[in-house]
Amino acid sequence: MEDSEILDMYFERNEAAIDETKKKYGRRIFKVSQNILRINEDAEECVSDTLLKAWNVIPPGRPEMFGAFLAKIARNLSLNKLEARGAAKRGGGEKNVLLSELEECLPSPNERPEDAHEAALVTASINSFLAEMPKPARVAFVLRYFHGESISAISTRFKMSESKIKSILFRTRKKLRVHLEKEGVAI
């Protein structure tokens, strides 16, 4: 079923939209959550929570890229769940690893509401930067820092050594920092 048909079902408040969404995107949502949480039961719970969140926000919103929209919801819910269960205290800490890799090239998060506009500009700048990157670097970056994939999984996917993937990610982060500084983003 096409995304537009599924979204139409959401707008009609047809509960079959949830089943169709799960059929089409359930595995992707699960993979995003599982990469972050590392526990299948928690990832399954995030799939359900993602579907519920989609049901609650569609309508009025109509996402242009439905799969990416769902993946973003799943990612945010998974990161929240990871933080809530205190994974870093028990040695899980994957969220901290991912964020520490990016801290040298991203501005520190601000908690003030007036910074929302600046955050949107940073997001747009990162998106334009990634659009200019060669496909392997762009895909590796998104897999690592958005989907939370391990270096090992990315190296397997690209059929490259882990050191090569680490090098690609390091160079991409370095270029991102330069790009953001040129855009006037305070790091």
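Reading the values: rules and limits
Residues numbered from 1 in each chain as written. Predicted model: local features only at pLDDT ≥ 70, side-chain atom pairs only at ≥ 80, totals over all residues. Heavy atoms only, no water. Helix = DSSP H or I, 4+ residues; strand = E, 2+ residues; numbered from the N terminus. Contact = heavy atoms within 4.5 Å. Areas by Shrake-Rupley, 256 points an atom, 1.4 Å probe, with all protein chains shown as cover. Phe/Tyr/Trp six-rings, centres within 6.5 Å; stacked < 30°, edge-to-face > 60°. Buried < 20%, exposed > 50% of the residue type's maximum accessible area, 1.4 Å probe, protein only. Lys NZ or Arg CZ within 6 Å of the ring centre and 35° of its normal. Polar contact = N/O pair within 3.5 Å; in protein donor to acceptor, adjacent residues only side chain to side chain. Bend = angle between axes of the 7 residues up to and from the residue.

> Would you explain the overall build of the chain in this entry?
What the chain contains, in helices and strands, is nine helices and zero strands. When the elements of the chain are put in sequence order from the N terminus, they spell out α-α-α-α-α-α-α-α-α. Partitioning the contacts of the chain with sequence separation of at least 6, the portion at a separation of at least 24 is 61%. Total accessible area on the chain stands at roughly 11,100 Å², and carbon and sulfur atoms take up 53% of it.

> Explain the packing of aromatic side chains to me, please; I cannot follow it from the model alone.
Pairs of aromatic rings are described using the distance from one ring centre to the other and the angle between the two planes. For the coordinates displayed, the defined rule picks out five aromatic pairs. On the basis of an interplanar angle of 70 degrees and a centroid distance of 6.0 Å, the ring pair of tyrosine 10 and phenylalanine 66 is categorised as edge-to-face. Here tyrosine 10 is found in helix H1 (residues 3-11), whereas its partner phenylalanine 66 is found in helix H4 (residues 66-84), with 56 residues between them in sequence. Phenylalanine 66 matches tyrosine 10 in its accessibility class, with the two residues each being buried. Linked through ring pairs, Tyr10, Tyr25, Trp55, Phe66 and Phe69 together constitute an aromatic cluster. Cation over ring: arginine 13 sits above tryptophan 55, and NZ or CZ is 3.8 Å from the ring centre.

> Before we go on, may I ask you to explain unusual backbone geometry in this structure?
Most peptide bonds are trans, and most residues other than glycine sit at a negative phi. Omega for the peptide link from isoleucine 58 to proline 59 comes to -15 degrees, which places this bond in the cis form. Locating proline 59 in the fold gives a position in the loop between helix H3 (40-57) and H4. The omega torsion across proline 59 and proline 60 is 15 degrees, close enough to zero to call that bond cis. Secondary-structure assignment places proline 60 in the loop between H3 and H4. In this structure, arginine 38 takes a positive phi of about 65 degrees despite not being glycine. With respect to the element layout, arginine 38 can be found in the loop between helix H2 (16-37) and H3.

> Quick question: what am I supposed to make of the environment of arginine 75 here?
Within the secondary structure, arginine 75 is located in helix H4. Measuring from C-alpha to C-alpha, the distance between arginine 75 and phenylalanine 146 comes to 7.4 Å, with 71 residues separating the pair along the chain. In contact with arginine 75, other than residues within four places in its own chain, are Val32, Ile36, Tyr145 and Phe146. From its side chain, arginine 75 meets the backbone oxygen of tyrosine 145 in a polar contact 3.1 Å long.

> So what exactly am I meant to see when it comes to H2 here?
Note on helix geometry: an α-helix contains 3.6 residues per turn, so any two residues three or four positions apart are oriented the same way. Approximately 65 degrees is the largest bend angle found in H2, and it occurs at tyrosine 25. Residues Ala17, Glu20, Thr21, Tyr25, Gly26, Ile29, Val32, Ser33, Gln34, Asn35, Ile36 and Leu37 constitute the buried set of H2. Contacts made by the buried residues of H2 are with H1, H3 and H4. Phi turns positive one or two residues past the end of H2, at arginine 38, with a value near 65 degrees.

> Is there a simple way to explain the side chain of serine 125 in this structure?
Mapped onto the fold, serine 125 is located in helix H6 (residues 116-132). Here histidine 179 takes part through its side chain, which lies 3.1 Å from a polar atom of the side chain of serine 125. Filtering out sequence-adjacent residues up to four positions away, serine 125 remains in contact with His179, Leu180 and Glu183.

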